[in-house]
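Spelled out, the chains give:
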Amino acid sequence: MRKEGWLHMPTTTNLTQLYQEYRHAMTALSYRLIGSWSEAEDLVQDVFAELQQNEQLDDIRQPKSYLMRAVVNRSLNALKSPRLSRETYTGPWLPEPVFDPGLETQLDRVLREEQVSYAFMVLLERLTPEERTVFVLRESFAMEYEEIADLLGKSVVACRKLLSRARQKVKSEPAMAAAPANDQMAETWSREFLKAAKTGDFGPLLELIREDAVLISDGGGKVRAAINPILSRARVIAFWQGIQAKGTLQGDWVPTRINGETGLVHYRDGKVVHIIMFEGDAQGRIRRFYLVSNPDKLIGAPPPGHK
């Protein structure tokens, strides 16, 4: 049923313009809520396809608000699906990395400007779906509480409580959420890791790792991976040394733009087998390694030999 007071937007041309204007932002929003860029892309496509097919929605006064509501609702529903459920997932869940080998592409700029660094995405995994939604809408989109309450169908008081709980969960690491890693540091970490993977000498890399470092590995139950996080610098180094000795690190490692930052893609026999992302502290030391080997999360990786 057409809502009274809405302005007419009848043409396919205008819908195409809306798609071009909001597609990247809506995909970035959904990605922050569900942790999968490929799922987010499909979800946003479905929203626009439904809008095109629904004759009752040819009049839109506030297209961005409408799209945000549709994307948020679909994203929350998607989190309940078996393929995105954290509850049934084998081992730690890490977000799907977003690959972009170019430094100045539109996607790369969106990933930087929309605050979707890999460490930020991991941080969001600490939150419940509702906490995550309110946190993202308030902190990243600077939406007013009244707008968030209307979008989610909740009271302003409830939204404030959700945001308060979310902030309590992430307040111990505010710097991680504030900005992506320094490019120069990430390149140094990548370079030293590559040397260690090739030679087996992890001494220089050891000097770049915090004593309380953590390694989180995501195989999704589809490939071999550590079921629990590996804690402490000594154990992290022992893990890398162990799999290096077994030949697991053999192959081609290529520095690649991932979530707008420098990471490593590991190729073996022409296939992507791992990606590694680093998270550091203000002193330039590695505090966390993120190792993703679930093949479902590597489908967007660039082909071997990319520049």
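These figures come from a predicted structure and were not determined experimentally.

This brings us to the overall build of the protein chain. A tally of regular secondary structure across the protein chain gives 12 helices and 6 strands. Within the protein chain, the fraction of its 307 residues that count as buried is 49%. On the protein chain, roughly 15,400 Å² of surface is accessible, and the fraction owed to carbon and sulfur atoms is 49%.

Moving on, we get to the environment of Thr262. Mapped onto the elements of the fold, Thr262 is located in strand E4 (residues 261–268). With a relative accessible area of 10%, Thr262 lands in the buried category. Residues Thr262 and Asp100 lie 162 residues apart in sequence; the distance between their C-alpha atoms is 10.0 Å. Here the side chain of Thr262 touches Arg257 through a polar contact of 3.5 Å, side chain to side chain.

Below, the discussion takes up the nonpolar core. Nonpolar side chains tend toward joint burial in soluble globular proteins. Counting 50 residues, the largest nonpolar core has Met26, Leu29, Met68 and Phe135 as the members making the most contacts within it. At the level of secondary structure, the elements contributing two or more residues to this core comprise helix H1 (12–34), helix H2 (37–53), helix H3 (63–78), helix H5 (118–124), helix H6 (129–140), helix H7 (145–152) and helix H8 (156–170). Discounting chain neighbours no more than four positions away, the residues touching Met26 are Val44, Leu67, Met68 and Val71. Ranked by size, the runner-up nonpolar core spans 25 residues in total, among them Trp189, Ala197, Leu208 and Ala213.

A separate point is H3. Taking 1.5 Å of rise per residue, 16 residues should cover 22 Å, and H3 covers 22 Å from first to last C-alpha, within 8% of that figure. Listing the buried residues of H3 in full gives Pro63, Tyr66, Leu67, Met68, Ala70, Val71, Val72, Ser75, Leu76 and Ala78.

Moving on: the packing of aromatic side chains. Taken as a whole and assessed by the stated rule, the structure comprises 11 aromatic pairs. The interplanar angle of 75° and the centroid separation of 5.3 Å between the aromatic rings of Tyr31 and Trp37 together place this pair among those described as edge-to-face. Accessibility classification places Tyr31 together with Trp37 in one group, the buried group. Pairing Trp240 with Phe289 gives two aromatic rings, centres 5.6 Å apart and planes at 65°, and the pair type is edge-to-face.

What follows covers the environment of Gly203. Looking at the secondary structure, you find Gly203 in helix H11 (residues 203–206). C-alpha separation for the pair Gly203 and Glu192, spaced 11 residues apart in sequence, amounts to 9.5 Å.

Rules behind the numbers
Residues numbered from 1 in each chain as written. Predicted model: local features only at pLDDT ≥ 70, side-chain atom pairs only at ≥ 80, totals over all residues. Heavy atoms only, no water. Helix = DSSP H or I, 4+ residues; strand = E, 2+ residues; numbered from the N terminus. Buried < 20%, exposed > 50% of the residue type's maximum accessible area, 1.4 Å probe, protein only. Areas by Shrake-Rupley, 256 points an atom, 1.4 Å probe, with all protein chains shown as cover. Polar contact = N/O pair within 3.5 Å; in protein donor to acceptor, adjacent residues only side chain to side chain. Core = buried A, V, L, I, M, F, W, Y, C linked by side-chain atoms within 4.5 Å. Contact = heavy atoms within 4.5 Å. Expected span 1.5 Å × (residues − 1). Phe/Tyr/Trp six-rings, centres within 6.5 Å; stacked < 30°, edge-to-face > 60°.

None of the figures reported here should be taken as evidence of function without further support.
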